[in-house]
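Structural overview
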Protein chains: 2
Amino acid sequence: MSQRETLIAATPAVNDAGMDAAMKGWFSEVSDEMWPGQAMSLKVEEVLFRGKSDFQDVMVFQSATYGKVLVLDGVIQCTERDEFSYQEMIAHLPLCSLHHEPKKVLVVGGGDGGVLREITRHRSVERLDIAEIDGVVIETAKKYFPGMSLGFDDPRVRVHVTDGIKWVGDAEAESYDAIIVDSSDPVGPAAVLFERDFFEKIHRALKPGGVVCTQGECVWLHAELIKDVLEMCKSIFVGGSVQYGFTTIPTYPSGQIGFVMCSKPDAAGKTVDFATPARPPPIAPEGSKLKPLRYYNAGVHAAAFVLPEFARAAVEPFVVKGTGQK
Amino acid sequence: MSQRETLIAATPAVNDAGMDAAMKGWFSEVSDEMWPGQAMSLKVEEVLFRGKSDFQDVMVFQSATYGKVLVLDGVIQCTERDEFSYQEMIAHLPLCSLHHEPKKVLVVGGGDGGVLREITRHRSVERLDIAEIDGVVIETAKKYFPGMSLGFDDPRVRVHVTDGIKWVGDAEAESYDAIIVDSSDPVGPAAVLFERDFFEKIHRALKPGGVVCTQGECVWLHAELIKDVLEMCKSIFVGGSVQYGFTTIPTYPSGQIGFVMCSKPDAAGKTVDFATPARPPPIAPEGSKLKPLRYYNAGVHAAAFVLPEFARAAVEPFVVKGTGQK
């Protein structure tokens, strides 16, 4: 078996992708591997799409109270009601921390378009690449989630339906100001996005002073995984900064999700302090169809790095704070 | 029917208190009234206790991954794995904001003992009353939740199994430094704890410079209820402060819960700014069996008042910031 086939085979059995595993007419998100013994359930009004791509099970349903819901391999990726939290934070935490204006940005994963939508708010961005492995996710988002997939409409966006690792590995060295990794959990096709090889390639592809922000799981559930990723990043982003922040979001397991953020030192040896916004919240280009920000503001940015005592104690040894610009 | 009977009758039907409403062997927290269309489920190893008190359905089960769980009327009150978040925050947010050392404190509800446990960390407290309406909850906690009910062991605690509203109404005027209302949701027996009459009695029972902190639901679910409570408090705590903070907690609906906090002006006309800790985290008395704090620290205190943009915009018109001490 190829590596990819192995990974798909390792996807946990989630009782027919969670459908009807629970109450009749409810979707339940069960994962013995990632969040054993707990499950978030959403009441289903209608299943709108169900199919198997080359990489994963893809489902869209109309929920009773969370709008439309995108599910991959039995795991909720986003709901129309609360997706803004994740999309705004994974985009603006890194981009508003940057010392310089971001011009060239890459999204790995993120086929629903929500992260693209948020990045397009930054007027300085001239080129926005997306490397999403699964074209079915993009097509599904365009059909069922216009509020997210409008991110694809921006003329600065270039879509590459390809393996994100290969894309980053093939990228010109020191070419991106920011790379945002909007991955699913480290079981199934996204497992490799939590591994050393990928982070080394990201490091190589970032400009001096550049930043990466990756989906970093939840301190209530995955403190050990988070520590491992931070430690790995610390050994790769030598001389840089490595930090962890989070956002609240009702439909992710345990109601929150974090982000691992790293920066390379700039020409003057300064590193990004992600916990301190260096620029104001983005204002979308004129004529844009984007709605105002609903989660992110400067206060929320700073507060995202303040962890509960148990989590602070767990991750602090692996954090390298940035110097900031001054 | 008496008011109380009416309230009990109004408790939503939760499919046999949620038991087996979902997957066989799982507990699901369903409430069409409070969080329609969503449910948190926990895998059950064994039901340890199930009974009906004069006020509510009481259940304790051993969960697969969250330790023992206390359920009232089908709603999760606490789990051994994450209860520290709620208990620490509802106690230390108000007590560490106070300008003066708290001496006399009242808990309304809180029959599991967890809030008592946290308050006993404050050495200045001389007297700690608790008015819990349901003696069965106290006995259940003492039997199944020693880690919380140890709060009852402190010699400063006086237990009153009585209606909290009556207790507060009968209390001497201006007698408490702090009142903490650890209530369940505003359906069932706790509904009256969200009403004007109760808050007026609290206001009367607080010393000048005194504070109240009440369970304040979740901004993702109950923004309208929160606005109503804040507006009501603003009209009662005239010249005082009225603020809203929150904590993350996986087993409460949507993964977080908030607190409404109010203060009366002190003799100099100063009011408590809850968002700014006025004293360091408490250090438990020597010889105490209490473990170190796991959620609360000074940074978390301040960050608890930084709300996502949608919530900030919703509640800000109803917030009255404190002057602080200086």
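Residues numbered from 1 in each chain as written. Chains lettered and ligands numbered in written order. Predicted model: local features only at pLDDT ≥ 70, side-chain atom pairs only at ≥ 80, totals over all residues. Heavy atoms only, no water.

Mapped onto the present numbering, the UniProt feature "domain: PABS" (unreviewed entry) falls at residues 24-264 of chain A. Regarding residues 24-264 of chain A, the helix share stands at 27% and the strand share at 36%, and the terminal C-alpha atoms are separated by 50 Å. (UniProt positions renumbered as here; feature names shortened; annotations may be inferred. Helix = DSSP H or I, 4+ residues; strand = E, 2+ residues; numbered from the N terminus.)

Moving on to the packing of helix α7 (residues 196-205) of chain A against helix α8 (residues 223-236) of chain A. Residues and elements named next belong to chain A. Taken N-terminus to C-terminus, the directions of α7 and α8 make an angle of 40°; their axes are 10 Å apart at the nearest point. In terms of orientation, α7 and α8 fall into the oblique class. α7 and α8 meet at a crossing whose hand is right-handed. Contact with α7, carried on its side by Arg196, Phe199, Glu200 and His203, involves Val229, Met232, Cys233, Ser235 and Ile236 of α8 and no other residues of that element. (Axes fitted to C-alpha atoms, helices over the stretch in contact; angles between N-to-C directions. Parallel < 35°, antiparallel > 145°, perpendicular 65-115°, else oblique. Left-handed = near helix turned anticlockwise from the far one by under 90°. Contact = heavy atoms within 4.5 Å.)

To continue, consider the pairing of strand β9 (residues 176-182) of chain B. Residues and elements named next belong to chain B. Counting buried positions along β9 yields seven of seven residues, so the element is predominantly enclosed. Relative to β9, strand β6 (residues 104-109) runs parallel, the two being bridged by five bridges. Counted as the bridge partner of valine 107 is isoleucine 180 from β9. A crossover connection joins β9 to the parallel strand β10 (residues 206-215) through helix α7 (residues 196-205); in handedness this β-α-β unit is right-handed. (Buried < 20%, exposed > 50% of the residue type's maximum accessible area, 1.4 Å probe, protein only. Pairing = 2+ DSSP bridges. Right-handed = clockwise from strand over helix to strand, strands pointing away.)

What follows is about the pairing of strand β6 (residues 104-109) of chain A. All names here are of chain A. Burial within β6 is extensive, with five of its six residues counted as buried. As judged from the five bridges shared by β6 and strand β7 (residues 127-132), these two strands associate in the parallel manner. Paired with leucine 106 across the bridge in β7 is aspartate 129. The parallel pair β6 and β7, bridged by helix α3 (residues 114-119), forms a crossover whose chirality is right-handed.

For α8 of chain A, which comprises 14 residues, the first-to-last C-alpha distance of 20 Å matches the rise-based estimate of 20 Å (1.5 Å per residue) to within 8%. Those residues of α8 of chain A that sit buried are Ile226, Lys227, Val229, Leu230, Met232, Cys233 and Ile236 of chain A. (Expected span 1.5 Å × (residues − 1).)

The next point concerns the UniProt feature "active site" (unreviewed entry) in chain A. Residues and elements named next belong to chain A. Feature annotation in UniProt places "active site" (unreviewed entry) on Asp182, given in this structure's numbering. Relative to the assigned elements, aspartate 182 resides in strand β9 (residues 176-182). Residue aspartate 182 is classed as buried on the basis of its relative accessible area, which comes to 10%. Excluding residues within four positions of it along the chain, aspartate 182 makes contact with Tyr86, Gln87, Ile90, Val108, Gly109, Gly110, Asp112 and Val115. In this structure the side chain of aspartate 182 is engaged in a polar contact, spanning 2.6 Å, whose partner is the side chain of tyrosine 86. (Polar contact = N/O pair within 3.5 Å; in protein donor to acceptor, adjacent residues only side chain to side chain.)

Residue and element names in this part refer to chain A. Considered domain by domain, chain A is made up of domain 1 (3-79) and domain 2 (83-318). When each unit is reduced to the centre of its C-alpha atoms, the spacing between domain 1 and domain 2 is 23 Å. Contacts between domain 1 and domain 2 engage 30 residues on the former and 27 residues on the latter. Between domain 1 and domain 2 the total buried area reaches about 2600 Å² when both faces are included, carbon and sulfur atoms providing 67% of it. Seen at the junction of domain 1 and domain 2, the total is zero salt bridges. (Domains from an automatic or database assignment. Buried area = accessible area lost by both parts, 1.4 Å probe. Salt bridge = Lys/Arg side-chain N within 4 Å of Asp/Glu carboxyl O.)

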